[in-house]
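This is what each chain is made of:
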Amino acid sequence: MNKRHIFLDKVIEQVKSKDAKDSIKLEMEHHIQLAKEGWIKKGLQEKEAEERAIKEMGSPILLGLELNQLHRLTVDWMVFACTVCLLMIGLLPNITSDLLFIAEKLWTILLGVGIVVGIMFLDYRKCKELGYVFYMIGSILLLSVILFSNITINGINYLKVGPIIIKGIMAIPFFLLAWASLFTKKNFSYLSFLLFFFFSSILFYLGYDSISTVFIYYTMVVVMLFWSSFSKKQIVLSIVTGAVLFILLFGYAFFARLHRLLGFLFPDRYAQDVGWIYLYREKMWASLKWIGSSDMELLSFVNRTDTVFLQLSSQFGYVIAVVIVILFSALIIKMIRNVRYIKNRYGKLLLIGAIALYSIQVIYNIGMCMGLFPIISLSLPFISYGLMPTIINALLIGLVLSINRRKNIS
Amino acid sequence: MEKHLKNLPSSLKKTYFDHLPFTEEHRKEILKKIQIKDKEEEVLLAVLQLLHNRKTGFELTELLRARGFERFEKKEGFIYTLLHRLEQKNIIASEWEDKKVKYYRIDRKGKKLEKKLEVEGGANKDIRELIDWVYVNE
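A quick note: this is a predicted structure, and the numbers were derived from the prediction, not measured. (Residues numbered from 1 in each chain as written. Chains lettered and ligands numbered in written order. Predicted model: local features only at pLDDT ≥ 70, side-chain atom pairs only at ≥ 80, totals over all residues.)

A. Molecular detail of the overall build of chain B. Secondary structure summary: chain B contains seven helices and two strands in total. Ordered by position from N to C terminus, the α and β elements of chain B give α-α-α-α-α-β-β-α-α. For chain B, the residues scored as buried account for 25% of the 138 residues in total. Put simply, 51% of the contacts in chain B that link residues at least 6 apart link residues at least 24 apart. (Helix = DSSP H or I, 4+ residues; strand = E, 2+ residues; numbered from the N terminus. Buried ≥ 20, exposed ≤ 12 C-beta atoms within 10 Å, placed from the backbone. Contact = placed C-beta atoms within 7 Å.)

Right, here's the structure in full:
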């Protein structure tokens, strides 16, 4: 081993981050090589020149220690803490129910935290070249629901394999990984994007998941498009295409949907059928107090866990509503603030997609409970009951932390 | 010069300055003092100015030396802690060429900082804070 490598190894020994080691070594070696050539030109022998070049670099240990501090992998504690708090709030709706129920929820919380931590330690960059693989997994998942679905709940098809229930919404994270990778590929043309996007839309439609699944999927893709390398014109064109597709696919029940929309806009006029839910929601908001009481009448529309925000507000008063909104806002704002520090283009796209996917659920659900949006079936991340949504959202937060952890690596 | 002061320099040389010899030693010391302009903000400003065109760490070291800065003498490696810090603050950006050579270039935020440094020097509070952070541990 020559002197140069002894020096470089000493530097690198101090640096803990494996990813930083390689790039630091490469950069320093380049420097020493050029410095050595300089000394040779000044008349030194090769061996002397290298020794001189290394001596000029300074103490390898001090240098390594300082670089280690700069490149240590960080944990975004704010995001992590908000996530854990929100998961814990998920216990509150069932605080009065039997122990078995609470134990089950606790187990879900532990699993969620475990997934967040586990994914955080994984290097997201390993997924960069796997765009087509993720696209395939997402498609296969949707296809299996289309072809082999064996149960239907509320008009939505599910595939039940043993204890696991597979449904269309689970495919979205795979498409997130797929699009982030494909959008950063050099030879991925606009035409292939349209084709791939069209195909996935058809699958989501055939899987007959709820309209909210497609809505979430579209929002995510549109947000990611703005950070892709496609031109403004192409982005606008894809949004228009997507909207037309959306209307065509879901236009079959146009009048039923229009009726429901009218019920949302003019609840008084449709008080007998579709409007009552909105009137009920209004009445409920009006009766809320700062400190709630446990004997309040519980409201449930669609299903109880989707309106958990309202339920908690009536049980514990406005206080809990304010706490929940603050926690979600802090989480989302912190995630968005992190975006500008990510230098890796793939990481940036992935982060933006994950934030969009997470935030749209939160914003729509809370808005829906407060009466701003029409009611659809959509759960509130981490607080609503349910294993699958918790796993998916834990994956997203884990991904956000993984990207943020490696923000100093380009 | 006024007439009655005409002979002052020569007479001073003979009397007062006779006791104050200006040796080679003195000359060196003064030269050294002129050359040391290693105040943090000056190094930072020079780095930002030099990075208007992309450069490697090695090229930057050479150019800083040519401008008379001695901050990185015998500790050239520490140019990289400075560069990496600036990069993390989005003041400069980097790119790898052929996955072998890393180049640095000033970023938008860096250009703003450069203007501020030129006008206010190290007096500005924000700049002071930044400089303290950039040179932490040194």
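B. How the structure looks around the pairing of strand β1 (residues 92-97) of chain B. Residues and elements named next belong to chain B. Where β1 and strand β2 (residues 101-106) come together, six bridges link them in antiparallel fashion. Looking at the pairing, Glu95 lines up with Tyr103 of β2. Adjacent in sequence and paired antiparallel, β1 and β2 are bridged by three residues, among which Asp98 carries a positive phi angle near 55°. (Pairing = 2+ DSSP bridges.)

C. A look at the sheet that holds strand β2 (residues 156-161) of chain A. All names here are of chain A. The antiparallel open sheet is built from three strands, whose spatial order is β1-β2-β3. Bordering the open sheet on either side are β1 (151-153) and β3 (164-166), each of which pairs with just one other strand. Going from strand to strand, the sheet's axes swing by 40° on average, the running direction of each strand aside. Looking at chain direction, β1 and β2 are connected through three bridges and run antiparallel. Within the sheet, the bridge partner assigned to Ile151 lies in β2 and is Tyr158. Docked against the sheet, helix α7 (residues 131-148) engages β2 and β3, running at close to 100° with respect to β2. (Axes fitted to C-alpha atoms, helices over the stretch in contact; angles between N-to-C directions.)

D. Focus on the domain arrangement of chain A. Each assigned domain of chain A is listed here: domain 1 (3-71) and domain 2 (77-405). A C-alpha centroid distance of 49 Å is found between domain 1 of chain A and domain 2 of chain A. (Domains from an automatic or database assignment.)

E. Broad picture of the interface of chain B and chain A. The interface of chain B with chain A comprises 19 residues on the first partner and 17 residues on the second. Of all the secondary structure elements, the ones that give two or more residues to the side of chain B that touches chain A are α4 (57-66), α5 (79-88) and β2 of chain B. For the side of chain B that touches chain A, the element with the highest residue contribution is α5(B), accounting for five residues. Residues of the side of chain B that touches chain A, tallied by class, amount to four nonpolar, nine polar and six charged. (Nonpolar A, V, L, I, M, F, W, Y, C, P; charged D, E, K, R; others polar.)

F. Molecular detail of helix α6 (residues 99-121) of chain A. Residue and element names in this part refer to chain A. For α6, which comprises 23 residues, the first-to-last C-alpha distance of 33 Å matches the rise-based estimate of 33 Å (1.5 Å per residue) to within 8%. If you check which residues of α6 are buried, you get Lys105, Thr108, Gly112, Val116 and Met120. At its buried positions, α6 is contacted by α5 (77-89) and α17 (387-405). (Expected span 1.5 Å × (residues − 1).)

G. Main features of the confidence of the model for chain B. All names here are of chain B. Put simply, chain B has an average pLDDT of 82, and 87% of its residues get 70 or more. β2 holds the highest mean pLDDT among the elements of chain B, 94, whereas helix α2 (residues 24-35) holds the lowest, 69. Complex prediction metrics read pTM 0.77 and ipTM 0.72. (pLDDT = per-residue confidence, 0-100.)

H. Summary view of the environment of B:Leu48. All names here are of chain B. With respect to the element layout, Leu48 can be found in helix α3 (residues 40-50). Using a count of 21 C-beta atoms within 10 Å as the deciding quantity, one classes Leu48 as buried. Sequence separation between Leu48 and Lys115 is 67 residues, and the spatial gap between their C-alpha atoms is 10.0 Å. Once residues within four sequence positions are removed from consideration, Leu48 is found in contact with Ile106, Gly110, Leu113 and Glu114.

I. Broad picture of the packing of α5(A) against α6(A). Residues and elements named next belong to chain A. Between α5 and α6, the shortest axis-to-axis distance is 10 Å and the interhelical angle comes to 165°. By the angle between their directions, the pair α5 and α6 is classed as roughly antiparallel. For the element pair α5 and α6, the recorded crossing hand is right-handed. In this structure, α5 uses Thr83, Val84, Leu87 and Met88 to contact α6, whose residues at the interface are Ile109, Gly112, Val113 and Val116. For the contact of α5 with α6, the per-class residue count stands at six nonpolar, two polar and no charged. (Parallel < 35°, antiparallel > 145°, perpendicular 65-115°, else oblique. Left-handed = near helix turned anticlockwise from the far one by under 90°.)

J. Representation of the nonpolar core. Ranked by internal contacts, the top residues of the largest apolar core, which has 73 residues, are A:Ala354 and A:Val400. Considering each element in turn, this core owes the most residues, 14 residues, to helix α16 (residues 345-370) of chain A. Each residue touching A:Val400, except ones within four places of it in the same chain, is listed here: A:Val79, A:Met335, A:Leu351, A:Ala354 and A:Ile355. If you look at the next biggest cluster of nonpolar residues, it comprises 37 residues, including A:Ile24, A:Leu70, B:Leu86 and B:Ile92. (Core = buried A, V, L, I, M, F, W, Y, C linked by C-beta atoms within 7 Å.)

K. Here's a closer look at helix α1 (residues 3-14) of chain A. All names here are of chain A. Here α1 is twelve residues long and its end C-alpha atoms lie 18 Å apart, about the 16 Å a rise of 1.5 Å per residue gives. For α1, every residue scored as buried is listed here: Phe7, Leu8 and Val11. Across the axial projection of α1, the buried residues extend over an arc of 95°, all falling on one side. Structural note: α1 exposes His5 and Ile6 on the side pointing more than 90 degrees away from its buried face. Tucked into the core, α1 has its buried residues touching α2 (18-41), α3 (46-57) and α4 (60-71). (Arc of directions from axis to C-beta.)

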